[in-house]
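Architecture and fold: a report
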Amino acid sequence: MGLFNNIKFFVLCHGMLQLAQLLVSGYLKGSITTIEKRYGFSSQKSGLLAAFNEVGNTVLIVFVSFFGSRVHRPRCIGIGAMIASVGVFLIALPHFISEPYTYTDFNSNTRGNSSGLCQSLSSFPKEESNQTCNQEKTDSHLGVYPILLLGQLLLGIGGVPIQPFGISYIDDYAEKRNSPFYLGILFAITVIGPAFGYMMSSVLLRFYVDVDKMSSGVNNLKNDDPRWVGAWWLGFLMAATLLLLTSLPYLFFPRKMSREEIIEAPVEPSIEKMMEDKKPKTDEEVSLTEFLKSFPKIVMRTLRNPIYLLVVLAQVNLAAMVAGLATFMGKFIERQFAQTASFSNLMMGGLNIPSAMLGIMAGGVILRKLGLTVKSSAAMCTVAVFVSIMFAIPLLFIGCPTQRVSGINYNIYSQQCSNACSCSDEAFNPVCGSDGVEFRSPCHAGCKALIFKEKVLNYTECECVAPFGSPGFALPRPCENDCKKRLIPFMILSSITCFVASLSHTTSFMMILRTVTPQDKSFALGIQFMLFRVLAFLPAPVLYGRAIDTACILWGKKCNKITSCHYYDLDLFRHRFLGLQIFFIFGGFVCFFLSFMVLRRTNSTQEPNAKMNNQTKSERPQEMKDAKQIMINLNEHCNTQKILRE
């Protein structure tokens, strides 16, 4: 099996596996608001779901760092990827065990054309609501949310060995000059993978959720309708299949591979290589209990380094900002600028992520070209994050208030008008009245008739639309706002913010590598990633989700249970969501600035000592030079006198 003894083939397989793994990550974040709408989750619940894969990851990462060189690494990667693929299949499972998606005025029979209108008799709506309640009971009994959490947990557990084992395996068996190139390819994929996930969700969410069940009434709903739910499950099936297929080659790679060599003139083995061969395997002798006992001591020793601690805290702040934005930025664009979920994900995958990737690359180029010291790296990070704050603040003011919605934020007493219609509190089918006011359903607008031609074209005889004149009409869609025009400046500013903030990414990593002792380097990076998960990737989406939930002004209801939010106070949504973003960026700025001040202080205290040492070393040579110069001048003077005498 010569192919499986080739490190280049391993890099190719690992690149494909990481792409599949991160495709799932991006796709989940792109479709989280659709899942939220389909099963009636709050934003806090969907934030917890998005972050739950980090639970398994955080618990097992310590053991992975211990068992690193003691196990068959390729086989562990393959088995882990298979567990992750099972988790992704589980995430798609609720679609197949749930009843078809139903929404207000879902036309499942011929008499459905008149559903949702203002009617004096309430027998039909009650009958319909009882039917949906029975379906909802079956959904709740099946436990959709626990299944999704279990899938995310397995995805996190399966993903634990993929990156650390893969990177260490490549570093062990790749030629030293090729190793950075191979790792660079893998790090590039870590950014490209989520972007592909967002793009895939943008395409698949244009298909109706029950496209496989061929439900009736689908033709009456378009993807720009607020009740629309896309085929969220389809991408998980595709990604899980890809994950499973890319895991199979790992079962055939050897535990140890012959090291890659470049054909060149034969050279004697270097001292470094001989030392590597003779080096005793001390790691093998350390037992798991000894490792766990020494773990807190090493953690405390690493965290006592002030520069390391400040830089990691700065990175944690920025990581928390990224985690929240990646989960809910699509929802923000969708709500704030009245866009579809599909288009919002296209903006995320096509603009924000590529701009962050360019920022990371540009930061690496600047670091390499200028050859920055640790102190100048801290200054660069401080300036970059400060400039990103300046670009982020205007985002707070680019948006629109919530459109006028009757009975919610406009004409609060309009419910008296629709009381005679016996409208259901659970009804949600937004219509735009001829007076420019939105109603949550034709019934709430007091509409008694409709113009129907294959689909609803117009609602007429709407008594609540024009209460002081003749009855008005209502269009079967939400009222439009002018915010669509503001999307372009918003996306440009947010992309610049992402680009400038990302300049600090590579530079801050190099600061960590340069400020910790060589023997603690790998462990310091391990602690850093663990802190990322515990302090940023786990709590941030839940915190963002909670902030978004507090901006809700009308919660949906089904069977007297609260579901996802129908209407937000958009000003409050924008200020809290983007306010959190600025809060975390400012936290990063403070930590980077403090690290710069600490480095400046240590440099200033070291400089006098260094100057004294330099003076003592340089004084004698200077004195010798002066003495030499005096002797030369005397000789020249004597020679000139001699010549004159002659």
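Residues numbered from 1 in each chain as written. Predicted model: local features only at pLDDT ≥ 70, side-chain atom pairs only at ≥ 80, totals over all residues. Heavy atoms only, no water.

Attention shifts here to unusual backbone geometry. At alanine 338, a position not held by glycine, the phi torsion is positive, near 50°. Among the secondary structure elements, alanine 338 is positioned in the loop between α13 (306-336) and α14 (341-370). Given a relative accessible area of 37%, alanine 338 falls into the partly exposed group. Non-glycine residue glutamate 461 carries a positive phi angle of around 55°. Secondary-structure assignment places glutamate 461 in strand β4 (residues 455-462). (Helix = DSSP H or I, 4+ residues; strand = E, 2+ residues; numbered from the N terminus. Buried < 20%, exposed > 50% of the residue type's maximum accessible area, 1.4 Å probe, protein only.)

This next bit is on the environment of alanine 341. As for its position among the elements, alanine 341 is in helix α14. The spatial distance from the C-alpha of alanine 341 to the C-alpha of glycine 330 is 6.8 Å, given a sequence separation of 11 residues.

Our focus in this paragraph is the confidence of the model for the chain. In the predicted model, the chain carries a mean pLDDT of 79, and 78% of its residues have values of at least 70. Model confidence for the chain, summarised as mean pLDDT per element, is weakest for helix α10 (residues 271-278) at 41 and strongest for helix α9 (residues 232-247) at 94. Low pLDDT, under 50, characterises residues 609-620; the stretch is placed with zero contacts to residues that sit more than four places away or in other chains. Within the model, pLDDT remains below 50 along residues 637-646, and this stretch shows zero contacts once partners closer than five positions in the same chain are excluded. (pLDDT = per-residue confidence, 0-100. Contact = heavy atoms within 4.5 Å.)

Moving on: the pattern of salt bridges. Going through the model one piece at a time under the given rule, you end up with five salt bridges. Note that arginine 533 is salt-bridged to glutamate 54, the shortest N-O span being 3.0 Å. One end of the pair, arginine 533, is in helix α18 (residues 521-537); the other, glutamate 54, is in helix α3 (residues 53-67), with 479 residues separating them in the sequence. Pair check on accessibility: arginine 533 and glutamate 54 agree, each one buried. When the shortest N-O distance is used, the salt bridge between aspartate 225 and arginine 227 registers 3.0 Å. Accessibility classification places aspartate 225 together with arginine 227 in one group, the buried group. (Salt bridge = Lys/Arg side-chain N within 4 Å of Asp/Glu carboxyl O.)

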